[in-house]
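Listed below are the residues making up each chain.
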Amino acid sequence: MSDHDTYDRLISLLDASGADYRLIDHEPEGATEAVCALRGHPASEAAKCIVLRVKVDRRTTRHVLAVVPGDRRVDLDAVRELFAARYVGFSDAETAERLARSVPGTVLPFAFDPGLELVADPDVVARERLYFNAARLDRSLVVSGADYARLAAPRVARIAGPA
C-alpha cells in the first residue's frame, strides 16, 4: 500500500463517518516543530506518531503505534508497563514504514495494518483540535480529538512523558 493509498483510505474513512475535518496544504515537512510552525499552531496540538517494537517475551514481539502530543516524548517505560513487556524500543524504519503504510514524518495516528496496535495518550484524544500529516509531507489534517478517538479507536493510556 502506497502513501497515496493510505491518504485515500484516511479521507474515505473521515468522509464516510461524517467527521468534521480540514485539510491544510504546506511546504513538504515531517519534523513536528517545523510542520507546526508551517500550520500555525502550538506543538501540543499535534499528534506525534512513533512505531515501537514491544518484546513481551522471547517469542512474542508486538508492534505498537504510540500517539502522543507533539510537545512531548513517548515514555518507553510506561509502554513497557502497559504491555507487561521485557523490552520496548523504536522500530526500525523499514518495519515502521511497512506497518504504518507511510514514510517517516507522515505516519498517521491511525493503524490500518492488523499487525500494528494503536495506543494514544489521553492528552491526544482530549484535544479540541488535533493536527497531523495526512500520510503526505505536503498536506496535513485537523480533526477534533473526539472524532479521532471515535474513528481510530485507540487504546487510551498515559504514555507521554515530558519533552
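Only a predicted model underlies this, so the values are computations on that prediction, with no experimental measurement involved.

A.B. asks: Would you explain the overall build of the protein in this entry?
C.D. replies: Per the secondary structure count, the protein includes six helices and 10 strands. On C-alpha atoms alone, the protein measures out to a radius of gyration of 15 Å, which is about the 15 Å that the 2.2 N^0.38 rule sets for 163 residues. C-alpha extents for the protein along the principal axes are approximately 45 × 35 × 30 Å. Counting over 163 residues, the protein shows a buried share of 48%. Here the analysis covers contacts within the protein between residues at least 6 apart in sequence; of these, 69% occur between residues at least 24 apart. Counting every atom, the protein has about 7,800 Å² of accessible surface; 47% of that belongs to carbon and sulfur.

A.B. asks: Hey, could you run me through the sheet that holds strand E3 (residues 61-69) in this one?
C.D. replies: Working definition: the strands of a sheet are paired by backbone hydrogen bonds and lie parallel or antiparallel to each other. The strand order across the open sheet formed by five strands is E5-E2-E3-E6-E9, and the pairing between neighbours is mixed. Of all the strands in the sheet, just strand E5 (87-90) and strand E9 (155-156) have a single pairing partner and so form its edges. In the sheet, strand E2 (residues 47-55) pairs with E3 via nine bridges, with the strands oriented antiparallel. Looking at E3, one finds that Arg-53 is bridged to His-63.

A.B. asks: What should I look at first to understand the pattern of salt bridges in this one?
C.D. replies: As enumerated under the stated definition, the model contains 11 salt bridges in all. Arg-150 is the salt-bridge partner of Asp-147, the closest N and O atoms lying 2.9 Å from each other. Note that Asp-147 and Arg-150 are positioned in helix H6 (residues 145-152) at a spacing of three residues, about one turn of the helix. Judged by relative accessible area, which is 47%, Arg-150 ranks as partly exposed. One continuous salt-bridge network, built from bridges that share partners, spans Arg-72, Asp-121, Asp-123 and Arg-158.

Basis of the calculations
Residues numbered from 1 in each chain as written. Predicted model: local features only at pLDDT ≥ 70, side-chain atom pairs only at ≥ 80, totals over all residues. Heavy atoms only, no water. Helix = DSSP H or I, 4+ residues; strand = E, 2+ residues; numbered from the N terminus. Rg over C-alpha atoms; globule rule 2.2 N^0.38 Å. Buried < 20%, exposed > 50% of the residue type's maximum accessible area, 1.4 Å probe, protein only. Contact = heavy atoms within 4.5 Å. Areas by Shrake-Rupley, 256 points an atom, 1.4 Å probe, with all protein chains shown as cover. Pairing = 2+ DSSP bridges. Salt bridge = Lys/Arg side-chain N within 4 Å of Asp/Glu carboxyl O.

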